[in-house]
Amino acid sequence: MNETLFDRLGGRAGIDRLCDRIVDLHLQNEVAGPRYRALDDKTLDHAREKVKEFLAAGSGGPVEYTGRSMLETHTGMNVSAAEYVAVVDDILQAMNEMDYPRSVCDEVLGIAYSLKEEIIHK
């Protein structure tokens, strides 16, 4: 039986740890960080939970994503290409720190890159 990406990420607990680390890296990031640091705690916590839900559902987990689409979420934010790359770099850094296999990293990065047009300059 083939494992889903959800399983390879460690299920909900693994995804939660991964997303927490990603958001922590975003907050420290020189390029993308100002956007994240500008959020109040309640908004940041909500965004963190939606990222966890999005990745859990999108990776084949038994989770329903209840947030807005990537296009709806990012419209009006005018995210630059540099910010997008910085965020993707944080994702890869977190995954490397957590010792995910390269194949799993590539799958997650593939998802991130597939959403690029829905995020940049919207």
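Provided above is the structure to which this section pertains.
Here's what I pulled together on the structure shown here. (Residues numbered from 1 in each chain as written. Predicted model: local features only at pLDDT ≥ 70, side-chain atom pairs only at ≥ 80, totals over all residues. Heavy atoms only, no water.)

## Comments concerning the packing of aromatic side chains
- Within this structure, the stated rule accounts for 2 aromatic pairs.
- Summarising the aromatic geometry, the rings of Phe 54 and Tyr 65 are spaced 5.2 Å apart at their centres and angled 80° between planes, so their arrangement reads as edge-to-face. Residue Phe 54 is located in helix 4 (residues 41-58), and its partner Tyr 65 is located in the loop between helix 4 and helix 5 (70-74); the two are separated by 11 residues in the primary sequence.
- Given the relative accessible area of 26%, Phe 54 is considered partly exposed.
- Judged by relative accessible area, Tyr 65 falls into the partly exposed class, the value being 24%.
- Pairing Tyr 84 with Tyr 113 gives two aromatic rings, centres 6.0 Å apart and planes at 65°, and the pair type is edge-to-face. Residue Tyr 84 is found in helix 6 (residues 81-97), and its partner Tyr 113 is found in helix 7 (residues 102-114); the two are separated by 29 residues along the sequence.
- Classification of Tyr 84 as buried rests on a relative accessible area of 5%.
- Classification of Tyr 113 by relative accessible area gives partly exposed; the value is 43%. (Phe/Tyr/Trp six-rings, centres within 6.5 Å; stacked < 30°, edge-to-face > 60°. Helix = DSSP H or I, 4+ residues; strand = E, 2+ residues; numbered from the N terminus. Buried < 20%, exposed > 50% of the residue type's maximum accessible area, 1.4 Å probe, protein only.)

## Some details on the pattern of salt bridges
- Going through the model one piece at a time under the given rule, you end up with 10 salt bridges.
- Between Lys 52 and Asp 20 there is a salt bridge, with the nearest N and O atoms lying 2.9 Å from each other. Of this pair, Lys 52 sits in helix 4 while Asp 20 is found in helix 2 (residues 11-28), placing the two residues 32 residues apart along the sequence.
- Among the residues examined, Asp 20 registers a relative accessible area of 27% and is labelled partly exposed.
- Linking Glu 53 and Lys 50 is a salt bridge whose minimum nitrogen-to-oxygen distance equals 3.2 Å. Of this pair, Glu 53 and Lys 50 both sit in helix 4, 3 residues apart, which is roughly one turn of the helix. (Salt bridge = Lys/Arg side-chain N within 4 Å of Asp/Glu carboxyl O.)

## Thoughts on the layout of surface pockets
- Estimated volume of the largest pocket: approximately 1000 Å³.
- Considering the residues around the largest pocket, the lining is formed by 35 residues, among which Tyr 36, Val 51, Met 70, Thr 73 and His 74 are closest to the centre.
- Grouping the constituent residues of the lining of the largest pocket by class yields 24 nonpolar, 6 polar and 5 charged. (1 Å grid on protein atoms, 1.4 Å probe; cavity = no way out; pocket = protein on both sides within 12 Å on 5 of 7 lines; lining within 4 Å. Points joined across faces, edges and corners; volume = space filled by probe spheres on them. Nonpolar A, V, L, I, M, F, W, Y, C, P; charged D, E, K, R; others polar.)

This is a description of form; function is not addressed.
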